[in-house]
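# Residue-level structural notes
So the chains spell out like this:
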Amino acid sequence: MAEVLCLGILVSGRGSNLAAIAAQIEAGRLAARVGVVISDNPLAPALRIAAEKRLPKAVVERKAFPDKASFETEIAAILKAHQVDLVVLAGFMRLLGPLLTAEFPDRIINVHPALLPAFPGLNAQKQALDRGVKIAGCTVHFVNEIMDGGPIIAQAAVPVLPDDTEESLSARILEEEHRLLPEAIGRLAPILTLRR
Ligand code: GAR
């Protein structure tokens, strides 16, 4: 039997989406394994989650490299060394450049806390509240060089309640992210393992 899909998970912060993916794998509900977790932030709590779950991890700081291309070359080398099939941006707060997207064509996905194409970029939940939308949500999409701009794979909607704050809305959206992202990975897995 072919080996299960190998994930490379890129993080910058809290790591709750990383934890959600790992939990689905542990529960036997997602046929994948985490090959490596890469953080651009040495202080990211996500690295503690990776350590607790005994996942291979690496820190690649942008400031250690003269330019974006050499930073991404290092990330690509680590992903390839771990034979990653699918790169998952799980709260990785950087726009990817041409190097990584060319190294992993149609094999990089991102989760974003808005119903794209509405509210790309930072503070998407606040953007939604400020705009007064009544339905918010999250999106899993393929990554290209446009900020939160690649083809959409899956979306989930949540209501915006009259007394919502940025925190309460973000929490409601995050719950859906934790369901949607592992589900999207599971849907892509058979296609990506066939095309190895
Ligand atoms: C998530 O809400 C994710 O959608 C968002 O960062 C958070 C990371 O949380 N990503 C973006 O805004 C990317 N544009 P986590 O570190 O707990 O998974």
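This text follows the structure it describes.
The structure presented is a predicted model; accordingly, all values stated were derived computationally and were not measured.

Running from amino to carboxyl end, helix α1 (residues 16-26) crosses helix α6 (residues 166-194) at an angle of 50°, the nearest separation of the two axes being 9 Å. Considering the angle they form, α1 stands oblique to α6. Remark: the crossing between α1 and α6 carries right-handed chirality. In contact with Ser16, Asn17, Ala20, Ile21 and Gln24 of α1, α6 contributes Leu174, Glu177, His178, Leu181, Pro182 and Ile185.

All right, on to the sheet that holds strand β4 (residues 86-89) then. Strand order in the open sheet formed by 7 strands is β3-β2-β1-β4-β5-β6-β7, with mixed pairing between adjacent strands. The sheet terminates laterally at β3 (57-59) and β7 (152-159), the two strands that pair on one side only. Within the sheet, the average angular offset between the axes of one strand and its neighbour, ignoring direction, is 20°. Relative to strand β6 (residues 135-142), strand β5 (residues 108-112) is paired through 4 bridges, and the arrangement is antiparallel.

Bringing the side chain of Asp148 into the picture now. Its location among the elements puts Asp148 in the loop between β6 and β7. In terms of polar contacts, Asp148 uses its side chain to reach the side chain of His112, at 3.4 Å. Apart from the residues within four sequence positions on either side, Asp148 is in contact with Asn110, His112, Leu116, Pro120, Gly121 and His141.

What follows deals with the environment of Pro182. Mapped onto the elements, Pro182 comes out in helix α6. Put simply, Pro182 and Ala23 are 159 residues apart on the chain and 9.4 Å apart in space, counted from C-alpha to C-alpha. In this view, Pro182 contacts Ala20, Ile21, Gln24, Leu30 and Glu177; residues no more than four positions away in its chain are not counted.

As a packed pair, helix α5 (residues 124-131) and α6 sit with axes 9 Å apart at the nearest point and diverge in direction by 120°. If you check the angle between α5 and α6, you find them oblique. Taken as a pair, α5 and α6 cross one another with a handedness that is right-handed. Contact residues: Gln125, Lys126 and Leu129 in α5; Glu166, Leu169, Ser170 and Ile173 in α6. Taken together, the residues that form the contact of α5 with α6 break down as 3 nonpolar, 2 polar and 2 charged.

The next thing to look at is the environment of Ile173. Counting through the fold element by element, Ile173 comes out in helix α6. C-alpha of Ile173 to C-alpha of His112: the two residues are 61 residues apart in sequence and 9.7 Å apart in space. Apart from the residues lying within four places of it in its own chain, the contact partners of Ile173 are Pro113, Gln125, Ala136, Gly137, Cys138 and Val158.

Here is what the cut-offs are and how they apply
- Residues numbered from 1 in each chain as written.
- Predicted model: local features only at pLDDT ≥ 70, side-chain atom pairs only at ≥ 80, totals over all residues.
- Heavy atoms only, no water.
- Axes fitted to C-alpha atoms, helices over the stretch in contact; angles between N-to-C directions.
- Helix = DSSP H or I, 4+ residues; strand = E, 2+ residues; numbered from the N terminus.
- Parallel < 35°, antiparallel > 145°, perpendicular 65-115°, else oblique.
- Left-handed = near helix turned anticlockwise from the far one by under 90°.
- Contact = heavy atoms within 4.5 Å.
- Pairing = 2+ DSSP bridges.
- Polar contact = N/O pair within 3.5 Å; in protein donor to acceptor, adjacent residues only side chain to side chain.
- Nonpolar A, V, L, I, M, F, W, Y, C, P; charged D, E, K, R; others polar.

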